[in-house]
Structure formats: structure tokens, C-alpha cells
Amino acid sequence: METEYYKQALEEYKELKEEQGEAAGETEGETQDGSPDDWDKRIDDTGCYVENMALQLCHAETGDWRQCMDDMARFRDCWEKNGNRERVSTVDKTL
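Counting from 1, residues in each chain are numbered in the order their sequence is written. With the structure being a predicted model, the display of local features is reserved for residues of pLDDT at least 70 and the display and counting of side-chain atom pairs for 80 or more, all residues being used for whole-chain, interface and lining totals. Side-chain measures were taken over the full set of non-hydrogen atoms in the model, leaving aside hydrogen atoms and water.

Engineer: Help me out: how do you make sense of the packing of aromatic side chains in this one?
Structural biologist: In this description, a pair of aromatic rings is defined by centroid distance and the angle of the planes. Two rings belonging to Phe, Tyr or Trp (six-membered ring only in the last case) form a pair when the distance between their centres is within 6.5 Å. Interplanar angles under 30 degrees mark stacking, angles over 60 mark edge-to-face geometry, and anything in between is tilted. Here the structure, examined in full by the defined rule, presents 2 aromatic pairs. Judged by centre distance (5.1 Å) and plane angle (40 degrees), the ring pair of Y13 and Y49 falls under tilted. On the criterion of sequence distance, the pair formed by Y13 in helix α1 (residues 4-22) and Y49 in helix α3 (residues 49-62) is long-range, its members being 36 residues apart. Judged by its relative accessible area of 19%, Y13 falls in the buried class. Arranged with centres 5.6 Å apart and planes meeting at 35 degrees, the rings of F75 and W79 form a pair that is tilted. Highlighted residues: F75 and W79, both in helix α4 (residues 69-81), separated by 4 residues, approximately one helical turn. Using a 1.4 Å probe on the protein chains alone, a residue whose accessible area is under 20% of its type maximum counts as buried, one over 50% counts as exposed, and one in between counts as partly exposed. According to the relative accessible area criterion, F75 is buried, its value standing at 19%. Placement of a charge over a ring requires the Lys NZ or Arg CZ to be within 6 Å of the ring centre, with the centre-to-atom vector within 35 degrees of the ring normal. The cationic tip of R74 hangs over the ring face of Y6; the distance from NZ or CZ to the ring centre is 4.1 Å. The helix and strand labels rest on DSSP assignments: H or I over at least four residues marks a helix, E over at least two residues marks a strand, and numbering proceeds from the N terminus.

Following this line, the structure appears as C-alpha cells:
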């Protein structure tokens, strides 16, 4: 079941990707043209950007992780499905 936060996150992600497509070929990094910063890129690389955003939106609105259990479960499932548990253990900790 998709939560209201997941639907909102999915819509925002689609808009972000459209903006990035329009800004392709311009400068990288944190910019005003909608290019992703390093944090957004790393989250996107996990394959769970929308799930992460939905969880953040839920917590920002409710202020209570307990009210975000559906979004947390969706994020956890995505994280496992995309093999991120193994991926994280290989990340350079000096970054």
C-alpha cells in the first residue's frame, strides 16, 4: 500500500529527474539549477531515493517515527532488495 508520503515523494522525484534532464550538461554539485548534490546522488545510487524521501516527509510532518512504520518498512525492504547492506560495508569511511 502506498502512503500519502510515498505518493508525494514519488511525484517530487519525478519532478527532480525532469529538472535534472533539462539541466543536463551544466555544472555538477550543489547548484541552483537543480543538479544533485553529493548527498542526493549517494541516496539515489542506493535505489531507494523515493522510499528515503517518503520516510523523511513522514517524520517531518508527524515528528514521530512510530507513525511512519509503513514508510520505514518500505524503505527497509527497498534497502535489502537493492543489496545496500553489503554495499555500505564497502563504502570508504574517510569521505
